[in-house]
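Chain residues, written in single-letter form:
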Amino acid sequence: MRNARLAALLVLMVALAGCTSRAGAGTPEDTVTLTVRFSRFTPSTLDVRPGATVRLVVRNLDPIAHELIVGDQGVQDAHEAGTETSHGDHPGEVSVPAGATVETTYTFPRSGTVPFGCHLPGHWAYGMRGMVRVG
Ligand SMILES: [Cu+2]
């Protein structure tokens, strides 16, 4: 009888542990802070776990506005060519006013690399970009 109760408790504990180790979709598992200064991101290279949902906090120390766009090269090209001036509706895309700290959440793929950067005029070309390495 006592062993049966113990076994039930063990099953429950294992089930709960399973729940907590699997974050639901859109629930950040990690937080990374990107600092912007002189139109550069620091760090400019990030390592994340495969498939991780990451909360990205951006601290803009510059007296000018920036943005953070996370996404594959197609996303980056679209933003470089586009005219959208404010972001915040899509995961991984956020406007960063001068002196502000903002955040966005992005779910990375299972492998590969994902670029990020700022597409305000001239910023990408100047070097305001970086790379996320998955795995
Ligand atoms: Cu910028």
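Residues numbered from 1 in each chain as written. Predicted model: local features only at pLDDT ≥ 70, side-chain atom pairs only at ≥ 80, totals over all residues. Heavy atoms only, no water.

### A short note on the coordination of the copper ion
- Every protein donor of the copper ion is accounted for by His66 (ND1), Cys118 (SG), His123 (ND1) and Met128 (SD), and the metal-donor separations fall at 2.0 to 2.5 Å.
- For the copper ion, the four donor atoms are set out with angles of 85 to 138° between them, so the coordination reads as irregular.
- All donor residues of the copper ion come from one chain, and their arrangement in sequence is H-x51-C-x4-H-x4-M. Note that histidine 66 is positioned in strand 5 (residues 66-70) and histidine 123 in helix 3 (residues 123-126), a separation of 57 residues in sequence. (Donors = N, O, S within 2.8 Å, 3.2 Å for Na, K, Ca; no water. Tetrahedral: all angles 85-135°; square planar, octahedral: opposite > 155°, others 65-115°. Helix = DSSP H or I, 4+ residues; strand = E, 2+ residues; numbered from the N terminus.)

### Some thoughts on the packing of aromatic side chains
- Under the counting rule described, the total for this entry stands at two aromatic pairs.
- Centre to centre, the rings of phenylalanine 41 and phenylalanine 116 are 5.2 Å apart; their planes meet at 75°, and the pair counts as edge-to-face. Taken together, the positions of phenylalanine 41 in strand 2 (residues 40-42) and phenylalanine 116 in strand 8 (residues 112-117) put the pair 75 residues apart, joining distant regions of the chain. We note that phenylalanine 41, like phenylalanine 116, is buried.
- Between tyrosine 106 and phenylalanine 108 the ring centres are 4.8 Å apart and the planes differ by 65°, which places this aromatic pair in the edge-to-face class. Like phenylalanine 108, tyrosine 106 is buried.
- Across from the ring centre of tyrosine 126, 4.6 Å away, lies the NZ or CZ of arginine 40, which sits over that ring. (Phe/Tyr/Trp six-rings, centres within 6.5 Å; stacked < 30°, edge-to-face > 60°. Buried < 20%, exposed > 50% of the residue type's maximum accessible area, 1.4 Å probe, protein only. Lys NZ or Arg CZ within 6 Å of the ring centre and 35° of its normal.)

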